[in-house]
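# Residue-level structural notes
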Amino acid sequence: MSVAVLVFAYGTVVHLLQLLVPELRPQLTLPGGLTFYFGSLTLWDPLAALLLAARRRSGLALGCVVLATDATANWYANYVLDPAAGVTPGRIGQAVITALAITFVALTAWLAPWFVRPDERR
């Protein structure tokens, strides 16, 4: 599970840097909702990491939602909004996020028994 925590910690750093460093912002002009969503990942990524580190089942659920929506938003940005043809860095990143999302969702049922439900005390 530490790999998942590291994935979400890495996502936090990437999204923070994209917000704070103008040179690292996506080159595409994104619609307001998509810009808001990517900015909100600076909250959702670290929250997922913390919940997963604490072995909370809510971290599994949040992780699935974050990765699935991140893959979808990146798909839209890279295949619908980006007029470039062929392979681009954004499309490679989108493929990686999609692979992570599929893997995380597929493993969630297997991982759930090792996680603490909210009604259980430690």
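Below you will find a few notes about this structure. (Residues numbered from 1 in each chain as written. Predicted model: local features only at pLDDT ≥ 70, side-chain atom pairs only at ≥ 80, totals over all residues. Heavy atoms only, no water.)

## Overview of the overall build of the protein
- Each helix and strand counted, the protein has four helices and zero strands in total.
- From first element to last, N terminus to C terminus, the protein shows the α and β order α-α-α-α.
- Seen through its C-alpha atoms, the protein measures out along the principal axes to roughly 50 × 30 × 20 Å.
- Across the 122 residues that make up the protein, the buried fraction comes to 34%.
- Once local pairs closer than 6 in sequence are excluded, the contacts in the protein between residues at least 24 apart make up 70%. (Helix = DSSP H or I, 4+ residues; strand = E, 2+ residues; numbered from the N terminus. Buried < 20%, exposed > 50% of the residue type's maximum accessible area, 1.4 Å probe, protein only. Contact = heavy atoms within 4.5 Å.)

## Focus: the nonpolar core
- Of all hydrophobic cores here, the largest spans 23 residues; its most connected members are F8, L34, F38, L52, L60 and F104.
- Not counting the four nearest positions on each side in its chain, F38 is found in contact with H15, L30, D70, A73 and N74. (Core = buried A, V, L, I, M, F, W, Y, C linked by side-chain atoms within 4.5 Å.)

## Considerations on helix α2 (residues 32-53)
- An ideal rise of 1.5 Å per residue puts 32 Å on 22 residues; α2 measures up with 32 Å between its terminal C-alpha atoms.
- If you look at α2, its biggest bend is around 35°, right at T42, and the proline P46 turns up within four residues after that.
- Those residues of α2 lying buried are L34, Y37, F38, G39, S40, L41, D45, A48, A49 and L52.
- Lining the buried residues of α2 we find α1 (2-20), α3 (57-81) and α4 (89-111).
- Downstream of α2 by one or two residues, R55 has phi in the positive range, about 55°. (Expected span 1.5 Å × (residues − 1). Bend = angle between axes of the 7 residues up to and from the residue.)

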